[in-house]
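Take a look at the letters that make up each chain.
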Amino acid sequence: MPRPLFDSPFIFGIHEPGGEHHMVAAGRPGWIVFTEGIGANPGDRSGKDFRTWSNQGLGILCRLNHGYNPDGTIPPSQHYSDFAQRCANYVAASPGCKIWIIGNEMNHPVERPGARIDWSRTVGRSEVSARGRAVPWRFNALQEETRSSRMALINPGEIITPQRYVHCYRQCREAIRRLPGHHDDQVLVGGVAPWNNLTAYDGNPSGDWVQYFRDILQLLGPQQCDGFTLHAYTHSPNPEEIYNDHFMGPPFQRYQYNFRTYRDFLAAVPANMRHLPAYITEADQDVPWLDQNNSWVQRAYGEIDHWNQQPGNQQIRALVLYRWPNIDRWVIEGKNGVIEDFRQVLQQDYRWREVPAPAPQPPEPKPPATKPKPPAVAAPPQAPAVASWRLGAWLEAGLEVNIRRSPGWRGKPDDDVLAKAPAGAMMQVISGPQEADGLAWWRVRHLTSEKQVVDGWAAQNSATGAALLRESAAPAPHLEPGASATTLDEVNLRRSPGFRGKPANDVLYAIPPGSQVTLLAGPQAADGVNWWQIRYASPFGNTFTGWAGEATASGSRLLDPVSGQPPAVPPPVATPPVATPPEPAPPARFRLGQHVYTTTFLNTRRSPGYVDKGEDDVLHEAPPRTEVVIYSGPQPADDLTWWKVRYVAEGRSIDGWMAEADQAGREFLAASQPPAPAPTPAPPAVPTKTLAVGQTVYNAYREPVNVRRTPGYLQQTAGDVIGKLPAAAAATIVAGPQDADALRWWRIEARISAETVAGWIAEVGPAGQRFLVPISLQNAIGLGRPFAGSWRVTQLFADRPAFYQQFSYDGVPLRGHNGIDFGTPNGTSILAASDGKVAQVGFEAKGFGYYVKLVHPWGESLYAHLKSVHVKEGAQVARGELLGPSDNTGNSSGPHLHFGIRVLPFRRGDGWGGCCDPAPFMNPDDLIIPDSIRSLGGMLPPPGMAPDEPGRERP
């Protein structure tokens, strides 16, 4: 009995009919892909009757091509509406099919309408060569010698950009779904040719085939797309190429070299389209099928079934072998070895799921098998099935197990073995599986008999098939007050039990894994977790007391009894104080293998966290819109969530950790590509942050300031000065602002020597001196020494104006140095100059190095070129509190501290980046200024800044 969509619940399939009787005989009626060249004549009403096959329960997929080279898989753009009508006519005349594919390999130049190729330069010309399948540049991106394209195009034809394809697809889909009885038909996006980068276009100059696919889906969106098709191949008959993770060379290091190219495409699917059906409509060995049963077919279907079983994975509904009939040299018909391979896999009940697999539960006893087992594969032997263990699952060693630094065992040095876990040892899954040397490997965490926590890779089975690991119930930890315990992962020590809705300062200390703690009291239930009061002595001699969770919200244990032996009877579990079940932990934002994008300039680190990290912890700074692949995480550190990523930069592959977002929730990693930054606008004529008429201000400079008849100070007569506003004297703004001589002027009224003086004063002086400040801040800006000890000034504010004009803030060149530099030796304690809050911590390799920005009631302060930082974003700090040790990180060749301030209100586009000279607000005794500096002599340090980059906001 056919299903309503004439689809199949099985994933088996063949390209073109001829071998479907094998599927029907096995009770696994899978799919047949039909390829039809239908033209674009809107008056043609011919079709095809598919009921011969659909009435057998087979799933029917029909690809609608306009034609073949040089006609194009879709027609020229001026004929899209005619082609859409022709598609609708064909569908109306074709009973037994309701799933349609529009076009094929649209990024391959051979499929362009009007493309004419000099086939005399193609070795082995044949009818199939003329369709481009056998030519060496079909997968040109795989080899350096073909990557730049040796393809001889007599006429390039009309390039099928994603925009053009989407325009054609939409018209075809609308025309088909308007037909009576076809409102629910699936109209699928054609398969993109993997490893072919010969179609470049605006926004994709490298011809990236995965980006081409993603651009199509993003342009369509979930409401105008019914699903898509994929192509996947190996490049030899070796079945190991189906499941190995072999990546390409530069510049496509992030993409798979072999069959798992399908994972690259699926990772590029927008999050709101991951419910749509996916079909692999072409799969083969890329070379003609060998007439042998080498288990390639069985391994391929096993790979896709394993993918479909993983929690939350987008379902692949078909894996279609290319191709059955003797049409070209990829023929399967008559090759008994391949057919036997296919017949053997048809004994497996491989189905796609209507709903992706839910999170796995603890295994239950399996009922006795009622189906006959498939015969064993003679050569090579069938690998044991890869387990579907979840993260956090407990495993028991069936035999002695080597825990290794990386997956694989062939040709490894002795030090690759981190530990040997004896039979019966317990360990916990933290990632995996990965395939290496023909085995499935899992990353596990194991507590050795010496109480050392070891993270490494263990094989699921031995090379002979013996089970090394088996799933086990979690050992119950024996924890009680007065006992000692070991941390199995980084543990946040908190002021009180619970983790939900807590401020950042609730965390007293991040205890590293493998540390020993003493249990003082507990357990106490909070937020669905049992909490223990513990005491911890740090390696630096400090003792901390607080509360630690026994396990994470997802069930991964954090505390283990020092004895390492689970008790015969589990300890009692504390009862939650409320009857309602605890709220589940929020799900991770990203999944392993997902392609995500940076939203800003983002540091990639060797390990999670940013506090107390050295300069070498930063591997690279990724610019905005960088595409990265998630392959580990999430992991908490320094109150942020971190993901391990892989991406390509400067011709090399970068592996490291990125923060998901900052403490305020500002997104650093996004599931979809952020829009390109808009051009930097010119500074607004009227600033948004400024003083105002009617406001009371005071002279914040240490000397009197001239009051003038008119705005400006250059080429003025002596009579233009009508008075002086003494230091700390108050005044009222009565008019302004006006700009003159590159300064901003305000008209003020003030009582000076019992007289009222009205005139113009600059808000900021020509050397960055802050003159006018709101009266409410008069007693708030006294700055303490920003370092321990006494150190000389090496560069004053406003020094070297000709040099610093190459740097800018918000597009406005600097008028000079916008801070004070102090010659602090490496390791000098850098201190907060005023009470405030940590607003920003960062690292600029080409600029300020490690820096800390504080916000205060009066403005901001900046401390740059530190060795590391000791504070977290969002933390409150007091005047004199340690921020970190001094150094010369970033754009610096000598140790120094760059110290800058901004006093409210400020304008970042004022030529100083909103900064002003800190000297008038500091204790004069803290300013040791050598004569050589006053005269701009030879003690000046490097600039400490980097050129502007689009999208970057300087601290």
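This is a predicted model, so every value here is computed, not measured.

1. Digging into the overall build of the protein
Consideration 1: The helix and strand inventory of the protein stands at 11 helices and 49 strands.
Consideration 2: By the burial criterion, 53% of the 955 residues in the protein qualify as buried.
Consideration 3: When the accessible surface of the protein is split by element, carbon and sulfur atoms take 52% of a total near 40,200 Å².

2. Structural notes on the packing of aromatic side chains
Consideration 1: Per the stated rule, a full pass over the model turns up 34 aromatic pairs.
Consideration 2: Arranged with centres 5.9 Å apart and planes meeting at 55°, the rings of Y804 and F807 form a pair that is tilted.
Consideration 3: Y804 gets classed as buried once you look at its relative accessible area, which sits at 0%.
Consideration 4: By relative accessible area, which is 4% here, F807 ends up buried.
Consideration 5: Site record: aromatic cluster; members linked through ring pairs are F10, F12, Y301, W324, F342 and Y350.
Consideration 6: A cation over a ring is seen here: R317 above W352, with NZ or CZ 4.0 Å from the ring centre.
Consideration 7: The ring of F247 has R646 lying over it, and the distance from NZ or CZ to the ring centre is 5.1 Å.

3. Description of the pattern of salt bridges
Consideration 1: Overall, the coordinates contain 36 salt bridges when judged by the stated rule.
Consideration 2: Between R263 and E303 there is a salt bridge, with its nearest N and O atoms 3.0 Å apart. Placement of the pair is R263 in helix 7 (residues 261-267) and E303 in helix 8 (residues 296-309), with a sequence separation of 40 residues.
Consideration 3: With a shortest N-O distance of 2.6 Å, E667 and R589 are connected by a salt bridge. Taken together, the positions of E667 in the loop between strand 30 (652-659) and strand 31 (669-670) and R589 in the loop between strand 24 (559-561) and strand 25 (595-598) put the pair 78 residues apart, joining distant regions of the chain.
Consideration 4: Residue classification places R589 among the partly exposed positions, given a relative accessible area of 38%.
Consideration 5: Here the salt bridges share partners, and the residues they tie into one network are D208, R214, R254 and E627.

4. Considering the sheet that holds strand 47 (residues 876-877)
Consideration 1: Strand order across the open sheet formed by 7 strands is 39-42-49-46-45-44-47, with antiparallel pairing between neighbours. The open sheet terminates on both sides in strands that have one partner only, identified here as strand 39 (793-795) and strand 47.
Consideration 2: Two strands pair when backbone bridges link them, and strand 44 (residues 836-844) and strand 45 (residues 849-856) are joined in this way by 7 bridges, in the antiparallel orientation. Note that in strand 45 the partner of G842 across the bridge is Y851.

5. Some points on the pairing of strand 2 (residues 31-37)
Consideration 1: Where burial is concerned, most of strand 2 is hidden: 6 out of the 7 residues are buried.
Consideration 2: Relative to strand 2, strand 1 (residues 12-15) is paired through 3 bridges, and the arrangement is parallel. Bridge assignment links H15 to a residue of strand 2, and that residue is V33.
Consideration 3: Inspection of the sheet shows strand 2 paired to strand 3 (residues 59-65) by 7 bridges, in the parallel sense.

6. Considering the environment of T710
Consideration 1: Inspection of the secondary structure assignment puts T710 in the loop between strand 33 (705-708) and strand 34 (721-725).
Consideration 2: Along the chain, T710 and V721 lie 11 residues apart, while their C-alpha atoms are 8.8 Å from each other.
Consideration 3: Among all residues touching T710, those that are not within four sequence positions of it are Q716, D720 and W760.
Consideration 4: A polar contact is formed between the side chain of T710 and the side chain of D720, at a distance of 3.0 Å.

7. Details of helix 8
Consideration 1: Taking 1.5 Å as the rise per residue, helix 8 with 14 residues should run 20 Å; its terminal C-alpha atoms sit 20 Å apart, in good agreement.
Consideration 2: In terms of burial, helix 8 is a largely internal element, 12 of the 14 residues being buried.
Consideration 3: Of all the positions in helix 8, only W296, V297, Q298, R299, A300, Y301, E303, I304, D305, H306, W307 and N308 are classed as buried.
Consideration 4: On its buried face, helix 8 sits against strand 1, helix 7, strand 9 (278-284), strand 10 (316-321), helix 9 (336-345) and strand 14 (426-436).

8. Overview of unusual backbone geometry
Among all residues except glycine, the phi angle is most often negative; among peptide bonds, the trans geometry is most common.
Consideration 1: For the peptide bond that leads from Y322 to R323, omega is -10°, which places it in the cis range.
Consideration 2: Its location among the elements puts R323 in the loop between strand 10 and helix 9.
Consideration 3: A cis geometry characterises the amide bond from G633 onward to P634, with omega recorded as 0°.
Consideration 4: On the secondary structure map, P634 appears in strand 28 (residues 627-637).

9. Observations concerning the confidence of the model for the protein
Consideration 1: Model confidence for the protein is summarised by a mean pLDDT of 85, while 87% of its residues fall at 70 or above.
Consideration 2: Here residues 368-381 scores under 50 on pLDDT; set against residues more than four positions off or in separate chains, the count is 16 contacts.
Consideration 3: Ignoring residues within four places in sequence, the model shows residues 682-687, a span with pLDDT below 50, making 4 contacts including any to other chains.

10. Quick look at the side chain of T261
Consideration 1: By the secondary structure assignment, T261 is in helix 7.
Consideration 2: Under the relative-accessibility criterion, T261 is labelled buried at 0%.
Consideration 3: Those residues in contact with T261 that sit more than four places away from it in its chain are P194, W195, H231, A232 and Q256.

11. With respect to the packing of helix 8 against helix 9
Consideration 1: Two elements in contact, helix 8 and helix 9, have axes whose closest approach is 7 Å; the angle formed by their N-to-C orientations is 35°. Residue-level inspection shows W296, V297, Q298 and Y301 of helix 8 in contact with helix 9, the latter providing V338, D341, F342, Q344 and V345.
Consideration 2: Per-class residue counts for the contact of helix 8 with helix 9 are 6 nonpolar, 2 polar and 1 charged.

12. Quick notes on helix 9
Consideration 1: Across the 10 residues of helix 9, 7 count as buried, placing the element largely inside the fold.
Consideration 2: Within helix 9 the residues assigned to the buried category are G337, V338, I339, D341, F342, Q344 and V345.
Consideration 3: Where the residues of helix 9 are buried, they touch strand 1, helix 1 (20-25), helix 8 and strand 10.

13. A short note on the environment of L439
Consideration 1: Counting through the fold element by element, L439 comes out in strand 15 (residues 439-447).
Consideration 2: Assessed through its relative accessible area of 10%, L439 is described here as buried.
Consideration 3: Spatially, the C-alpha atoms of L439 and A459 are 6.6 Å apart, while their sequence positions differ by 20 residues.
Consideration 4: Ignoring anything within four residues of it in the chain, the contact list for L439 reads W409, Q434, A459, N461, S462 and A463.

14. Examining the side chain of H22
Consideration 1: Summarising the element assignment, H22 is placed in helix 1.
Consideration 2: Not counting residues within four places of it along the chain, the set of residues in contact with H22 comprises W324, I339, F342, R343 and L346.

15. So, the packing of helix 3 (residues 80-92) against helix 5 (residues 162-177)
Consideration 1: In the contact formed by helix 3 and helix 5, the axes pass within 8 Å of each other and the chain directions differ by 35°. By crossing handedness, the relation of helix 3 to helix 5 is classed as right-handed. Touching Y80, S81, F83, A84, C87, A88 and V91 of helix 3 are R164, H167, C168, Q171, C172, A175 and I176, all from helix 5.
Consideration 2: A breakdown of the residues in the contact of helix 3 with helix 5 according to their chemical character gives 10 nonpolar, 3 polar and 1 charged.

16. Notes on the state of the cysteines
Linking two cysteines covalently via their sulfur atoms produces the bond known as a disulfide.
Consideration 1: Under the counting rule described, the total for this entry stands at 0 disulfides.
Consideration 2: The structure places no disulfide on C916, whose sulfur is separated from the nearest cysteine sulfur, that of C915, by 7.5 Å.
Consideration 3: For C916, a relative accessible area of 2% puts it in the buried group.

17. Looking at the environment of R708
Consideration 1: Its location among the elements puts R708 in strand 33.
Consideration 2: Considered as a pair, R708 and G719 are 11 residues apart in the sequence and their alpha carbons are 8.7 Å apart.
Consideration 3: Non-local contacts of R708, meaning those with residues more than four positions away in its chain, are made with Y713, Q716, D720, V721, I722, W745, G759 and W760.
Consideration 4: Of the polar contacts made by the side chain of R708, one reaches the side chain of D720; its length is 3.1 Å.

Definitions and limits used
Residues numbered from 1 in each chain as written. Predicted model: local features only at pLDDT ≥ 70, side-chain atom pairs only at ≥ 80, totals over all residues. Heavy atoms only, no water. Helix = DSSP H or I, 4+ residues; strand = E, 2+ residues; numbered from the N terminus. Buried < 20%, exposed > 50% of the residue type's maximum accessible area, 1.4 Å probe, protein only. Areas by Shrake-Rupley, 256 points an atom, 1.4 Å probe, with all protein chains shown as cover. Phe/Tyr/Trp six-rings, centres within 6.5 Å; stacked < 30°, edge-to-face > 60°. Lys NZ or Arg CZ within 6 Å of the ring centre and 35° of its normal. Salt bridge = Lys/Arg side-chain N within 4 Å of Asp/Glu carboxyl O. Pairing = 2+ DSSP bridges. Contact = heavy atoms within 4.5 Å. Polar contact = N/O pair within 3.5 Å; in protein donor to acceptor, adjacent residues only side chain to side chain. Expected span 1.5 Å × (residues − 1). pLDDT = per-residue confidence, 0-100. Axes fitted to C-alpha atoms, helices over the stretch in contact; angles between N-to-C directions. Nonpolar A, V, L, I, M, F, W, Y, C, P; charged D, E, K, R; others polar. Left-handed = near helix turned anticlockwise from the far one by under 90°. Disulfide = S-S within 2.5 Å.

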